[in-house]
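# Descriptive structure summary
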Amino acid sequence: MSAGPAESAPRPVLYRDLRDLTPFRTAVIRTPVRGLAEGVGGAVSGILAGRTRGILPVEGGAPRLGKVGRKAPGKAAKEVHAAIFGSSDPNRLIALAHSYPGWAGLCYLMAGLLSYAHGGHLRAAELLQRGMLTRNEDDANLYASAYLSRVVTRVTVAERVEVPVLFSEEGVFLALSHSLREAGQTEAALAALTGLPPSLPMALARCSLAAVLGRHGDVVEDTDGLRNGDDLAAALLLVRARSLRKLGANASARAVLQEVLRRRGTDFTLRSDALTDRALLLLDNGRKALNRLEWQHRQPVELETVRAIRKDAELHELWDREYGWTDDD
């Protein structure tokens, strides 16, 4: 009979992804200046390349439609392919879902990702959930596995942190979670991440939501032992530091911020946030030292000494007034 796991065994943390290949690409830390520059650059490149703005981005360019499951593509495959890779209108995919019920789940899913890319979070959440609840016929599933693997969705996993994700379970559920969060459904957004494979993007999204919900103990537990290996880890460490500060563990929070600042290659925005948070910690410590009410509460002996000295001075003044010497004496 094999022995069970030792009680002292470390708890597996959610950010250790042991897969050789993941659907994630390099994270982008957004700033107002970078966002403006990328917007201008995207418009120029779109005009020069002759592409329609607003279509789903594809790594390596849109694929040409060929055989689907060793068969020539049918009418449904041709129309869905054209709508996914050549249109910026989610309504076109929704119409195809009604025309071809066997492809409805796939059409709703891609319409949801397109709506998400356009910033329509409420509609994206509805379409993504409907797409996952609708079964596809085999031809639709074969088409998806053959042609959608390079579709990229830029998902916001935390404030100002975006991660390009290839079409996958993680990409869909992270987009759904962010859409639910933007719609004010924070609990549902956190629940949407349950069961996903461990990864830094998922950990950052999950811990950010837990912090919003005030579950700072969960954040600290889930990020225990994390080091600043890249910008995603640095962003997650910032969430950890803020949760530690909320829990009153200022010394531990400061040590975490030092870890964010340790790596010189950390994004400038994240380093600036770490410096700001460190200044707030120092301010908190200063307030504790200068808080008169707290000082009175914590040092009753010193307070009684001050009162005794004040009373003694008043008695001396009374003595001098009644019995003391004057300048005329």
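So, here's what we can say about the structure.

About the cut-offs
- Residues numbered from 1 in each chain as written.
- Predicted model: local features only at pLDDT ≥ 70, side-chain atom pairs only at ≥ 80, totals over all residues.
- Heavy atoms only, no water.
- Helix = DSSP H or I, 4+ residues; strand = E, 2+ residues; numbered from the N terminus.
- Buried < 20%, exposed > 50% of the residue type's maximum accessible area, 1.4 Å probe, protein only.
- Areas by Shrake-Rupley, 256 points an atom, 1.4 Å probe, with all protein chains shown as cover.
- Salt bridge = Lys/Arg side-chain N within 4 Å of Asp/Glu carboxyl O.
- Axes fitted to C-alpha atoms, helices over the stretch in contact; angles between N-to-C directions.
- Parallel < 35°, antiparallel > 145°, perpendicular 65-115°, else oblique.
- Left-handed = near helix turned anticlockwise from the far one by under 90°.
- Contact = heavy atoms within 4.5 Å.
- Nonpolar A, V, L, I, M, F, W, Y, C, P; charged D, E, K, R; others polar.
- Phe/Tyr/Trp six-rings, centres within 6.5 Å; stacked < 30°, edge-to-face > 60°.
- Lys NZ or Arg CZ within 6 Å of the ring centre and 35° of its normal.
- Expected span 1.5 Å × (residues − 1).
- Arc of directions from axis to C-beta.

Moving on, we come to the overall build of the protein chain. Across its full length, the protein chain carries 15 helices and three strands. Looking at the protein chain as a whole, 40% of its 329 residues are labelled buried. About 19,400 Å² of surface is accessible on the protein chain, with carbon and sulfur atoms providing 54% of the total.

This next bit is on the pattern of salt bridges. Evaluation of the coordinates by the stated rule reveals 15 salt bridges. Here Glu170 ties to Arg19 by a salt bridge, and the two come within 2.8 Å at their closest N and O atoms. One end of the pair, Glu170, is in helix H7 (residues 169–182); the other, Arg19, is in the segment before strand S1 (28–29), with 151 residues separating them in the sequence. Exposure remark for Glu170: the relative accessible area of 5% places this residue in the buried category. Relative accessible area serves as the criterion here: at 31%, Arg19 is assigned to the partly exposed category. Note that Asp139 and Lys71 form a salt bridge whose closest N and O atoms lie 3.5 Å from each other. Of this pair, Asp139 sits in helix H6 (residues 138–147) while Lys71 sits in the loop between helix H1 (32–49) and helix H2 (75–86); the two residues are 68 residues apart in sequence, bridging distant segments of the chain. Judged by relative accessible area, Asp139 falls into the partly exposed class, the value being 28%. Overall, Lys71 belongs to the partly exposed group, its relative accessible area being 44%.

On to the packing of H2 against helix H3 (residues 90–99), then. Between H2 and H3, the least distance of the axes is 9 Å, while the angle of their chain directions is 160 degrees. Taken as axis vectors, H2 and H3 run roughly antiparallel relative to one another. As for how H2 packs across H3, the hand of that crossing is left-handed. On the side of H2, the interface is formed by Glu79, Val80, Ala82, Ala83 and Ile84, while H3 contributes Arg92, Leu93 and Leu96. Its residues assigned to classes, the contact of H2 with H3 shows six nonpolar, no polar and two charged.

Next up on the list: the environment of Leu238. Among the secondary structure elements, Leu238 is positioned in helix H11 (residues 231–246). Using a relative accessible area of 3% as the deciding quantity, one classes Leu238 as buried. Sequence separation between Leu238 and Leu257 is 19 residues; the distance between their C-alpha atoms is 6.9 Å. Look past the residues within four positions of Leu238 in its chain and what remains in contact with it is Leu257, Val260, Leu270, Asp273, Ala274 and Asp277.

Quick look at the packing of aromatic side chains now. One pass over the full model with this rule turns up two aromatic pairs. Judged by centre distance (5.6 Å) and plane angle (55 degrees), the ring pair of Trp103 and Tyr143 falls under tilted. Of the two residues, Trp103 sits in the loop between H3 and helix H4 (104–117) while Tyr143 sits in helix H6, which places them 40 residues apart along the sequence. The exposure class of Trp103 is buried, given its relative accessible area of 4%. Three or more aromatic residues link up through ring pairs in this structure, and these residues are Trp103, Tyr143 and Tyr147. Positioned over the ring face of Tyr108 is Arg130, at 5.2 Å from the centre of the ring.

Taking 1.5 Å of rise per residue, the 13 residues of helix H12 (residues 250–262) would be expected to cover 18 Å, and the 18 Å separating its terminal C-alpha atoms lies within 8% of that figure. Those residues of H12 not exposed but buried are Asn250, Ala253, Val256, Leu257, Glu259, Val260 and Leu261.

We now examine H6. Among the residues making up H6, those that are buried are Ala140, Tyr143, Ala144 and Tyr147. Projected down its long axis, H6 shows its buried positions confined to an angular sector of 100 degrees, all on one face. Exposed side of H6, more than 90 degrees from the buried face: Asp138 and Ser145 are the residues found there. Tucked inside the fold, the buried residues of H6 contact H2 and H4.

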